[in-house]
Amino acid sequence: MTTLHLPPELSIYTAAELHPQWLAWAEQQSQAQADALVDAAAVDQVDGAGVQLLVALQRGLAARGCALRLNTPSRPLSQACDALGLSGWLAQLQVPFSPEAA
Amino acid sequence: MTHNASQDADFIAEALPVFLSEAEEQAESLEALLLQLEDEPDNAELLNALFRCAHTVKGSAGLFGLDAVVGFTHHVETLLQRLREGQVALSPELSTLLLRCNDQIRALVAEAGGQPADPAAGATRDGLVAQLQSAAGVTSAAPAGRARSPEDDASRATPSTLRPWHVSVSFGSEVFRNGMDPLAVLNYVRGLGEVSRIVCDVDGIPPLEQLDPESCYLSFIFGLATEASRAQIEDAFSFVREDCQLHVLNPGATPAQFADLIDAMPGNPRLGEILVAAGAISPAQLQQGLRSQQAAATQGENALLGQLLTEQTGLAPQVVDAALRKQRQQRADAPAAADDNRFIRVQANRLDAVINLLGELVIAGAGAALLARQTKQRQLREANEEISRLIEEIRNGTLQMRMVPIGETFTRFRRVVRDTAAELDKDVQMEVIGGETELDKSVVERIADPLMHLVRNALDHGLETAAQREAAGKPAQGRLTLSAHHEAGSIVIRIVDDGRGIQRRRVLERAWQRSLVEPGVVPDDAAILRLIFEPGFSTAEKVTNLSGRGVGMDVVRSNIEALRGSVLLDSVEGQGSSIEIRLPLTLAIIDGFLIAVGASRFIFPLDAVVEVIEGRASDASLDAGGRGVVELRGQVLPVVSLRTLYAIDGPVVARGSIVVLQAGHTRFGVLVDSLLGQHQTVIKPLGPLFSSLRGMAGSSILGNGEVALIFDVPALGQLAAEPATQQRRAADRATA
């Protein structure tokens, strides 16, 4: 099981390049039958497209019955998620299990 | 990019007619809804529908850059919004104002369609806008709705200059590619004031596999406490304005507003998120509600979140309902998004082209069937019969496509009745029965004007003022009923009023005066009433503004007759009048009954054929004009010989038949040589050479290339009945 290390730049400029890589990784994780681990400590530059890609990753994994665990989100990532109303979503990725809403 | 621009221009040129016809329909709905609201002023559904109509007109006009329409409709929308919020009550004056505004919207849409602008309209519109603004503004200080939302508490707590807005924004897919970033936009919005409870619609973002990493799927809903105006808030989105859906909702929103915001939300959030996002409850309240739900679940109870929230937070049930509806709708929409396209707009001329071809196909099919019969090959005949059956089904299906309910036309009269009654100071209730009755669109279009004239006539001459009615012992409110139903292949439209009826004496005096009838001669009652439809007849002693515009009842009659229809008037003095119009359902194709006289072929519309008496033609004793009577089951039936009537050559057949026809309420027989059976008939108009020929409605080409004339049965009936009646009257006088 390999941890996915997010790059320093998570933005529209890298999204097209990251997409196939993450897709391959997600495929691999879903066969491992365990939580998929993402290390977000290095993220330095992030924009809406980057956060969107991360949300899509989580949703793609969830669709395969696999939970995404995100450790040590960097400050820029946390701030971007706050600004986009995704702080709850981000927090949920850091706790062992997520309570389901109605 | 220039390529794009020209594509845009092409698109607009192509789509504009669709917009125009849709906008016209929306304007019609607006009018219908406004009139309906006058009867049910408290109906929130109607108000919502009204708002949606105005909003749709504005929105689609915006797409085409029709700024005049957008600008004007915006003011109407603002007032409707206030009405919907319950901040302004709908008064009759307001209703009139909105109706007049709707007329202007129509005019603006028509101008957009290339019609010349009315130079005075600009000033009219400015006046209306001022009225709209004062109507929407003066009472805006009235208490806002009863929403017990935390937002209200917040607005009380914050200084009056800081106002809480609700913003819902859905970014378009091209935003990233255009170099914009929603994150930056939202950060800019934060510069305007405090953003609270921002929710991103996570479910709107597709899973990784389906994601185009450079397309934007983001949409947000948030509260914004700011001193900025709506325009300033909207300006924050100006860079992405072309490529996003933005809703900015006023502070102090009412339950109705929350409900609409929820309806307009993108994506598929959960119930709790919907409510939080709309600002109806706070996240803390949602958490509490969810905990209660979980607690209840552990005890084996199945508590509903909406219910819990209503209990715990005093949330208006209306808001929860809207949220639940949204949720259900989204769940239902998900598998079958294609359900939206339940209607296809087709250009009328394309449909006409198909119907024309179908006409040719019917003729060709009949020709092939005839040849097949002549070959006496069973299999070929059977194959041909199958083809004929299919052609008939296609014919029915295609004609069905042209059918529209007449109710739309009737609804248009509501406005006429309302305004005309007000102008004449009369109180009139209009009732519509059978509005769902369908008939051919081309018939509908051509009957609207005659109907309008008859409705105006009923209002002007038929119905009395309230005082006159009370004096006559009738209810003060007059009734005007428009009804429609199908009857034997025709549509019957009735206009019934309970007014003063027609004074036959005055009709007769006028007829004498105008030399329509020889002075002193008194025709029977039905004939007196028919005089009203004679050219150059008008009973109104004083020509009013409304009727008497030079369009007489004779024009109405000829319009109806041009549609192969008939009009009949019945009236009881003091009790009211009834006008009955019969029209064929379609003008294109009929089922015909083919007969022969000598070498000529004729067609009766099959609907008019009651029965056929074979071989009894010789029973009739005819006069020199070819008219006479036969006895049919103890009753006298007037008959007419086509051979004599149209001077057809050829030897008299020994065993001719009688075709019994029904025209309105009368029956008559027609003597023919032989019966050739049922025939699908494509109606071709008669040339101008034959237009004076009485009793003919058109012609048709038979399968073998022969031409057959199609009878206009009511007209033929008059030919058959009139002299016979006179003969009977003469006989009556002789015995008296």
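What you see is a predicted model, and the numbers here were worked out from it, not measured in a lab.

Engineer: What's the story with the overall build of chain A in this structure? I'm lost.
Structural biologist: The helix and strand inventory of chain A stands at four helices and five strands. When the helices and strands of chain A are read in sequence order from the N terminus, they spell out β-β-α-β-β-α-β-α-α. Out of the 102 residues belonging to chain A, those deemed buried represent 39%.

Engineer: What exactly am I supposed to notice about the confidence of the model for chain A here?
Structural biologist: Detailed reading of the predicted coordinates is not advisable wherever pLDDT is low. Looking at chain A as a whole, its pLDDT mean stands at 84, while 90% of the residues score no less than 70. Confidence drops under a pLDDT of 50 for residues 97–102 of chain A, and excluding neighbours within four residues, the segment shows 11 contacts in the predicted structure.

Engineer: So what exactly am I meant to see when it comes to the confidence of the model for chain B here?
Structural biologist: All names here are of chain B. When pLDDT is averaged along chain B, the result is 76, and 77% of the positions lie at 70 or above. Note that residues 138–160 has pLDDT below 50 and, in this model, 35 contacts with residues that lie over four places away or in other chains. Between residues 333–341, whose pLDDT stays under 50, and residues either more than four places distant or in other chains, the model counts zero contacts. Note on the complex model: pTM 0.45, ipTM 0.87.

Engineer: What is the right way to read the sheet that holds strand 1 (residues 163–171) of chain B from this model?
Structural biologist: Pairing between the strands of a sheet is mediated by backbone hydrogen bonds and can be parallel or antiparallel. Residues and elements named next belong to chain B. Strand order in this open sheet of four strands is 2-3-1-4, and the pairing throughout is antiparallel. Of all strands in the sheet, those bounded by a partner on one side alone are strand 2 (193–200) and strand 4 (244–249). For this sheet, the mean angle separating the axes of adjacent strands, direction not counted, is 20 degrees. With six bridges connecting them, strand 1 and strand 4 associate as antiparallel partners. In the sheet register, Val 169 faces strand 4, and the bridge partner there is Leu 246.

Engineer: How should the interface of chain B and chain A be read in this particular structure?
Structural biologist: Frequently, the measure chosen for interface size is the accessible area removed from exposure when the parts meet. Tallying the contact residues gives 29 residues for chain B and 26 residues for chain A. Secondary structure elements with two or more residues in the side of chain B that touches chain A: helix 7 (182–190), strand 2, strand 3 (219–226), helix 10 (271–277) and helix 11 (283–298) of chain B. It is helix 7 of chain B that provides the largest number of residues to the side of chain B that touches chain A, a total of four residues. Tallied by class, the residues present in the side of chain B that touches chain A amount to 21 nonpolar, three polar and five charged.

Engineer: How do you make sense of the pairing of strand 9 (residues 490–497) of chain B when you look at a structure like this?
Structural biologist: Every other side chain in a regular strand lies on the same face of the sheet, so the side chains alternate between the two faces. Residue and element names in this part refer to chain B. Summarising burial for strand 9: six of the eight residues are buried, a large majority. Where strand 8 (residues 478–487) lies against strand 9, eight bridges are found, and the strand directions are antiparallel. The partner of His 485 across the bridge, within strand 9, is Val 492. By the bridge criterion, eight bridges tie strand 9 to strand 11 (residues 576–584) in an arrangement that is antiparallel. The partner of Ile 495 across the bridge, within strand 11, is Ile 579.

Engineer: Whenever I open this one, the sheet that holds strand 17 (residues 635–641) of chain B confuses me. Can you help?
Structural biologist: All names here are of chain B. Read across the sheet, six strands follow the order 14-18-19-17-16-15 without closing on themselves; strand pairing throughout is mixed. Edge strands, defined here as strands with exactly one partner in the open sheet, are strand 14 (609–613) and strand 15 (621–622). Pairing of strand 17 with strand 19 (residues 666–672) involves three bridges; the strand directions are parallel. Bridge pairing in strand 19 links Val 640 to Val 670.

Engineer: Looking at this model, I keep getting lost on the packing of helix 14 (residues 348–375) of chain B against helix 15 (residues 378–401) of chain B. Mind explaining?
Structural biologist: How two helices pack is summed up by the angle between their axes together with the distance between the axes. Residue and element names in this part refer to chain B. Viewed as axis vectors pointing N to C, helix 14 and helix 15 meet at an angle of 160 degrees, and their least axial separation amounts to 10 Å. Here helix 14 is positioned roughly antiparallel relative to helix 15, judged by the angle of their axes. Seen from above, helix 14 lies across helix 15 with left-handed handedness. Seen from helix 14, the contacting residues are Leu 351, Val 354, Ile 355, Leu 358, Leu 361, Val 362, Gly 365, Ala 368, Ala 369, Ala 372, Arg 373 and Thr 375; seen from helix 15, they are Leu 380, Arg 381, Asn 384, Ile 387, Ser 388, Ile 391, Ile 394, Arg 395, Thr 398 and Met 401. Among the residues forming the contact of helix 14 with helix 15, the class breakdown is 14 nonpolar, five polar and three charged.

Engineer: Mind showing me how you'd approach the environment of B:Ala110 here?
Structural biologist: All names here are of chain B. With respect to the helices and strands, Ala 110 occurs in helix 4 (residues 92–112). Judged by the 17 C-beta atoms lying within 10 Å of it, Ala 110 falls in the partly exposed class. For the pair Ala 110 and Ala 23, spaced 87 residues apart in sequence, the C-alpha separation works out to 9.5 Å.

Engineer: Explain the nonpolar core here, please?
Structural biologist: One broad trend across soluble globular proteins is that nonpolar side chains are buried collectively. Within the largest apolar cluster, 60 residues are counted, with the highest numbers of intra-cluster contacts made by A:Val51, A:Leu57, A:Ala80, A:Leu84 and B:Phe220. Tallying contributions element by element places helix 2 (residues 48–63) of chain A first for this core, with eight residues. In contact with B:Phe220, not counting residues within four places along its chain, are A:Gly85, B:Val169, B:Leu186, B:Ile198, B:Val199 and B:Cys200. In this structure, B:Met553, B:Val556, B:Ile581 and B:Leu583 belong to the second largest nonpolar core, which totals 38 residues.

Engineer: Hey, could you run me through the pairing of strand 16 (residues 627–632) of chain B in this one?
Structural biologist: All names here are of chain B. With two bridges joining them, strand 15 and strand 16 adopt antiparallel strand pairing. Paired with Leu 622 across the strands is Gly 628, a residue of strand 16. Connecting strand 15 to the next strand, strand 16, in antiparallel fashion are four residues, including Gly 626 with a positive phi near 85 degrees. By the bridge criterion, six bridges tie strand 16 to strand 17 in an arrangement that is antiparallel. Residue Leu 632 lies in a different strand from strand 17, and its bridge partner there is Gln 635.

Engineer: Just checking my understanding: could you explain unusual backbone geometry for this structure?
Structural biologist: For residues that are not glycine, phi is negative in most cases, and the peptide bond is trans in most cases. All names here are of chain B. Phi is positive for Lys 376, which is not a glycine, with a value near 55 degrees. Tracing the sequence through the fold places Lys 376 in the loop between helix 14 and helix 15. Notably, Ala 647 is not glycine yet its phi reads approximately 50 degrees, a positive angle. By the secondary structure assignment, Ala 647 is in the loop between helix 22 (642–645) and strand 18 (657–663).

Cut-offs used in this document
- Residues numbered from 1 in each chain as written.
- Chains lettered and ligands numbered in written order.
- Predicted model: local features only at pLDDT ≥ 70, side-chain atom pairs only at ≥ 80, totals over all residues.
- Helix = DSSP H or I, 4+ residues; strand = E, 2+ residues; numbered from the N terminus.
- Buried ≥ 20, exposed ≤ 12 C-beta atoms within 10 Å, placed from the backbone.
- pLDDT = per-residue confidence, 0-100.
- Contact = placed C-beta atoms within 7 Å.
- Pairing = 2+ DSSP bridges.
- Axes fitted to C-alpha atoms, helices over the stretch in contact; angles between N-to-C directions.
- Nonpolar A, V, L, I, M, F, W, Y, C, P; charged D, E, K, R; others polar.
- Parallel < 35°, antiparallel > 145°, perpendicular 65-115°, else oblique.
- Left-handed = near helix turned anticlockwise from the far one by under 90°.
- Core = buried A, V, L, I, M, F, W, Y, C linked by C-beta atoms within 7 Å.

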